[in-house]
Amino acid sequence: MLLEVSNLAIAYGDRPIVEGVSLNLDKGQVCAIVGESGSGKTTVIRAILGCLPGLGHVTGGTMFFDGKDLSKNTPEDWRKLSGMGMSMVFQDCGGTMDPIQRIRTQFVEYIQQHSDMTEEQAVERAIQMLKRMSLPNPEVILNSYPFELSGGMNQRVGVAMAMCFSPKLLLADEPTSALDVTTQAQVVKEMMNICREDGTAIIIVTHNLGVAAYMADHIIVMQNGHVMEEGSSQQIVRNPQTEYTKKLLAAAPQIGDAANEFHYDD
């Protein structure tokens, strides 16, 4: 098993935020954590990557990645793991980049932080990854600033960087929520294709059950820091057990019908 999380509990200061979350994920599998804002879903994946903000800390449970207890990681262990073993795509990749540095500078620096590549090799690798995300004219993109790119292009750049070293696990925090429906579909399909090619497992955090059903093998529904229900995508979509899940389904944009891109039965 690639990732084993058991009875995870997280607090900010002395305030409990997440309690009793468990999940297992193997190579190439996709798990979606679904819930409204404040449900604790992003807190879970931040804990897995060891990057809880501020006073956030794990108060209970266990997390094992590739057989190793993550609670025993040193800062150096986390540095080595990030980007290589695990990687994250954020909700607004453009907003996480330095606005006064070109994409090339940031992409090359990221690659060289995690490898022994020369600058020339790093540029070649960056171009290769941008092409895999179906971005036209990658040389032009590398010479652009983040604010010169559209939201969808910035998200593709973020996925390209996150997947640069074929990590075993990709953590995606609302990676398409800021995009229009058609661009959402394009980015999700490209992200899925590249992960399938590399055998990367994914945990995607989203409030959209339509996206979750399209991408995930397994769905966990969270509310107020607790798991409300979980099961296969078909189980959750076809036979939801709680009123909360039914409301999330009712609120999900019917992007399969609107853009002919996502289909719950895929």
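Heads up: the structure comes first, above all this text.
Residues numbered from 1 in each chain as written. Predicted model: local features only at pLDDT ≥ 70, side-chain atom pairs only at ≥ 80, totals over all residues. Heavy atoms only, no water.

## Points about the overall build of the protein chain
For clarity, the cut-off: Under the scheme used here, helices are H or I runs from DSSP no shorter than 4 residues and strands are E runs no shorter than 2 residues, and both carry numbers assigned from the N terminus. C-alpha atoms define the radius of gyration in this analysis, and the globule rule sets the expected value at 2.2 Å times the number of residues to the power 0.38. Throughout, exposure labels follow a simple rule: accessible area from a 1.4 Å probe, protein chains only, divided by the maximum for the residue type, with under 20% read as buried, over 50% as exposed, and the rest as partly exposed. For the area figures, the Shrake-Rupley method with a 1.4 Å probe applies, and any residue is considered shielded solely by the protein chains shown. For this count, His and the chain ends are skipped, Lys and Arg are scored as positive, and Asp and Glu as negative. Charged groups are reduced to one reference atom each: NZ for lysine, CZ for arginine, CG for aspartic acid, CD for glutamic acid.
Looking only at helices and strands, the protein chain has 12 helices and 10 strands in total. In summary, the protein chain has a C-alpha radius of gyration of 18 Å against a globular reference of 18 Å for 266 residues, a match within 12%. Here the C-alpha coordinates of the protein chain stretch approximately 50 × 45 × 30 Å along the principal axes. Residue burial in the protein chain is summarised as follows: out of 266 residues, 52% are buried. About 12,200 Å² of surface is accessible on the protein chain, with carbon and sulfur atoms providing 47% of the total. Of note, the protein chain has its 20 positive side-chain charges centred 2 Å away from the centre of its 32 negative side-chain charges.

## Quick word on the pairing of strand E1 (residues 3-12)
The following threshold applies: For two strands to be treated as a pair, DSSP must find no fewer than two bridges joining them.
Sheet topology places E1 next to strand E2 (residues 15-25); 7 bridges connect them, and they run antiparallel. Residue pairing across strands places alanine 11 opposite proline 16, the latter belonging to E2. Of the pairings in the sheet, the one linking E1 to strand E4 (residues 56-65) comprises 8 bridges and is antiparallel in character. When the bridges of E4 are listed, alanine 11 appears paired with histidine 57.

## Thoughts on the environment of valine 227
Tracing the backbone shows valine 227 in strand E10 (residues 226-232). Sequence spacing of valine 227 and lysine 41 is 186 residues, and the spatial spacing of their C-alpha atoms is 9.7 Å.

## Observations regarding the packing of helix H4 (residues 103-113) against helix H7 (residues 151-162)
The test is simple: In this description, a line fitted to the C-alpha atoms serves as the axis of each element, helices being fitted only across the stretch in contact, and the angle between N-to-C directions of two axes falls anywhere from 0 to 180 degrees. What sets the label is the angle itself: under 35 degrees gives roughly parallel, over 145 gives roughly antiparallel, 65 to 115 gives roughly perpendicular, and the rest give oblique. Here a crossing is taken to be left-handed if its near helix is turned anticlockwise relative to the far helix by less than a right angle, and right-handed if that turn runs clockwise. Contacts: residue pairs with any heavy atoms within 4.5 Å of one another. As a working rule, the residues Ala, Val, Leu, Ile, Met, Phe, Trp, Tyr, Cys and Pro are called nonpolar, Asp, Glu, Lys and Arg charged, and the rest polar, with Gly in that last group.
Look at H4 against H7: their axes get within 10 Å of each other, and the N-to-C directions meet at 20°. Considering the angle they form, H4 stands roughly parallel to H7. The hand of the H4/H7 crossing is right-handed. Where H4 approaches H7, its residues Ile103, Gln106, Phe107 and Tyr110 are matched on the opposing element by Val157, Ala160, Met161 and Ala162. Here the contact of H4 with H7 is built from residues that sort into 7 nonpolar, 1 polar and no charged.

## So, helix H8 (residues 181-198)
To keep it simple, the criterion reads: Between the first and last residue of a helix there are one fewer steps than residues, each counted as 1.5 Å, and that sum is the expected span.
Compared with an ideal rise of 1.5 Å per residue, which puts 18 residues at 26 Å, H8 spans 26 Å between its outermost C-alpha atoms and is within 8% of the ideal. Those residues of H8 lying buried are Thr183, Gln184, Ala185, Val187, Val188, Glu190, Met191, Met192, Ile194 and Cys195. Looking one or two residues beyond H8, the residue adopting positive phi is glycine 199, at roughly 70°.

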